[in-house]
Every structure is written in C-alpha cells, then in structure tokens.
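Letter by letter, the chains look like this.
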Amino acid sequence: VGNTLYISDNRRDALYKVTPADFLDMKEGPDVFTVWKDKGINPNGVYPGRDGTLLMVGFKSDTEKRGIYSMKPGEDPKVLVKDVGRLDGLYQMKDGTLIVTVSGARPSIRTGILVVRPLPPGDIWASGWRATPTGPATRGADGWSARRRR
C-alpha cells in the first residue's frame, strides 16, 4: 500500500511494515515497525485493496477459524467476514470481488477457493460481504454463505 511493504506473521499474530517498500538499493536499511500484535487475526495473506486499505486473511488451526479483514493505514483491522477457516492468500478483482484460498477446506481437499463479493447497502447479508465456495448454500449468522464442492 503506497510505498510500504507489509509482512504478515501468522504464528506470532503480528503485522509488520517496511518503509520504503523498494529498499534494496538503499545505502542504509529501511525502517521496520510492528503495526500490531496479538489481535487474534493471525494474518497469513495480505493484499493491497482497491480503496487504499490493506486486505488480509487469517490462518490459525483447524479448530480456530480466522476471517477476512480490511485495514486502513493507522487504524485497527475491521472484520469483513469472520470465522471462515484456515485462509492462505487473497486477490481482489476490479469489481471488488475477493478470491481467497482456504487450506484444508475438507479432509479430502487440501486447498479450496472462496469467492467473496461485496454487496449493495441494505442487502440481507449483515456483513455486507458474501463468501461462496461451491455446492449447496448455507447462511451463517455472520452474514456469509458457504457452498462446498462435493
């Protein structure tokens, strides 16, 4: 985001930033800061959002699901979709749709794909986001639907 490189550390539940992002030709090293620690996010994948935010997904364990988050520089992360699973990486398409990889989506599948679409204001989904892998849909109280491939 801008001229800042963000580095996630899911085991320490921390996010770091390096400024400037393009520091390889500098005579002196870059500035390295801890942005935050111990937020219960366990950031794994990070991606620059189209609106200037940093998007991130969490990865903890098969019994401790993590979600999808958005963070404006200088602010705390905000939950977009909570408690989805063990999330690896993400990409944001031009229309705002997020493509997220999910580790161990099912015991027989090592990695799955989750599609998360932004929804218009006033939609029935409370979070404003809808997460959809593939298969029969279920609606969660946190405002996302899941479809699993059979």
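All of these numbers come straight from a predicted model, not from anything done at the bench.

Analysis parameters
Residues numbered from 1 in each chain as written. Predicted model: local features only at pLDDT ≥ 70, side-chain atom pairs only at ≥ 80, totals over all residues. Heavy atoms only, no water. Salt bridge = Lys/Arg side-chain N within 4 Å of Asp/Glu carboxyl O. Helix = DSSP H or I, 4+ residues; strand = E, 2+ residues; numbered from the N terminus. Contact = heavy atoms within 4.5 Å. Buried < 20%, exposed > 50% of the residue type's maximum accessible area, 1.4 Å probe, protein only. Pairing = 2+ DSSP bridges. Axes fitted to C-alpha atoms, helices over the stretch in contact; angles between N-to-C directions. pLDDT = per-residue confidence, 0-100. Lys, Arg positive; Asp, Glu negative; His and termini not counted.

1. Topic: the pattern of salt bridges
Turning to step 1, where the next piece is worked out: All chains considered together, the criterion is met by 2 salt bridges.
Turning to step 2, where the next piece is worked out: For the salt bridge of Lys-39 with Asp-76, the shortest nitrogen-to-oxygen distance reads 3.0 Å. With a gap of 37 residues between them, Lys-39 in the loop between strand S3 (31-37) and strand S4 (43-48) and Asp-76 in the loop between strand S6 (66-71) and strand S7 (78-92) connect regions that are remote in the sequence.
Turning to step 3, where the next piece is worked out: The residue Lys-78 makes a salt bridge to Glu-75 at a minimum N-O spacing of 3.8 Å.

2. Some words on the environment of Gly-49
Turning to step 1, where the next piece is worked out: With respect to the helices and strands, the residue Gly-49 is situated in the loop between S4 and strand S5 (54-58).
Turning to step 2, where the next piece is worked out: Sequence separation of Gly-49 and Val-1 is 48 residues, and the distance between their C-alpha atoms is 8.0 Å.
Turning to step 3, where the next piece is worked out: Apart from residues no more than four positions distant in its own chain, Gly-49 is found in contact with Leu-55 and Gln-92.

3. Some words on unusual backbone geometry
Turning to step 1, where the next piece is worked out: Following Thr-19, the chain continues into Pro-20 via a peptide bond in cis, with omega recorded as -5°.
Turning to step 2, where the next piece is worked out: Its identity is not glycine, yet Asn-42 carries a phi of approximately 50°, on the positive side.
Turning to step 3, where the next piece is worked out: Tracing the chain through its elements places Asn-42 in the loop between S3 and S4.
Turning to step 4, where the next piece is worked out: Since its relative accessible area comes to 3%, Asn-42 is described here as buried.
Turning to step 5, where the next piece is worked out: We note that Asp-83 has phi near 50°; this positive angle belongs to a residue other than glycine.
Turning to step 6, where the next piece is worked out: Turning to its location among the elements, Asp-83 is positioned in strand S7.

4. What about the pairing of S6?
Turning to step 1, where the next piece is worked out: Counting buried positions over the 6 residues of S6 gives 6, a clear majority of the element.
Turning to step 2, where the next piece is worked out: Taken together, the 4 bridges between S5 and S6 define a ladder with antiparallel strand orientation. Looking at S6, one finds that Met-56 is bridged to Tyr-69.
Turning to step 3, where the next piece is worked out: Strand direction decides the pairing type here: S6 and S7, joined by 4 bridges, are antiparallel. Within S7, the residue paired with Ile-68 across the bridge is Val-81.

5. Digging into the sheet that holds S3
Turning to step 1, where the next piece is worked out: Spatial strand order, S1-S2-S3: 3 strands in an open sheet with antiparallel pairing. The open sheet has two free edges, formed respectively by strand S1 (5-9) and S3, since each of these has just one partner strand. For this sheet, the mean angle separating the axes of adjacent strands, direction not counted, is 25°.
Turning to step 2, where the next piece is worked out: One ladder, built from 6 bridges, connects strand S2 (residues 14-19) with S3; its direction is antiparallel. Residue pairing in the sheet places Lys-17 in a bridge with Phe-33 of S3.

6. Some thoughts on the confidence of the model for the chain
Turning to step 1, where the next piece is worked out: Per-chain confidence: the chain averages 76 in pLDDT, with 71% of residues scoring 70 or above.
Turning to step 2, where the next piece is worked out: In this model residues 122-129 is a low-confidence stretch, pLDDT under 50, and it forms 24 contacts with partners more than four residues away in sequence or in other chains.
Turning to step 3, where the next piece is worked out: Note on residues 133-150: pLDDT under 50 across the span, and 47 contacts to partners over four residues away in sequence or across chains.

7. As for the side chain of Arg-66
Turning to step 1, where the next piece is worked out: For Arg-66, the location among the structural elements is in strand S6.
Turning to step 2, where the next piece is worked out: No salt bridge forms around the buried Arg-66; measuring N to O, its nearest opposite-charge neighbour Glu-64 is 4.2 Å away.
Turning to step 3, where the next piece is worked out: Apart from the residues lying within four places of it in its own chain, the contact partners of Arg-66 are Gly-40, Ile-41, Asn-42, Gly-58, Phe-59, Lys-60, Asp-83, Val-84, Gly-85 and Leu-87.

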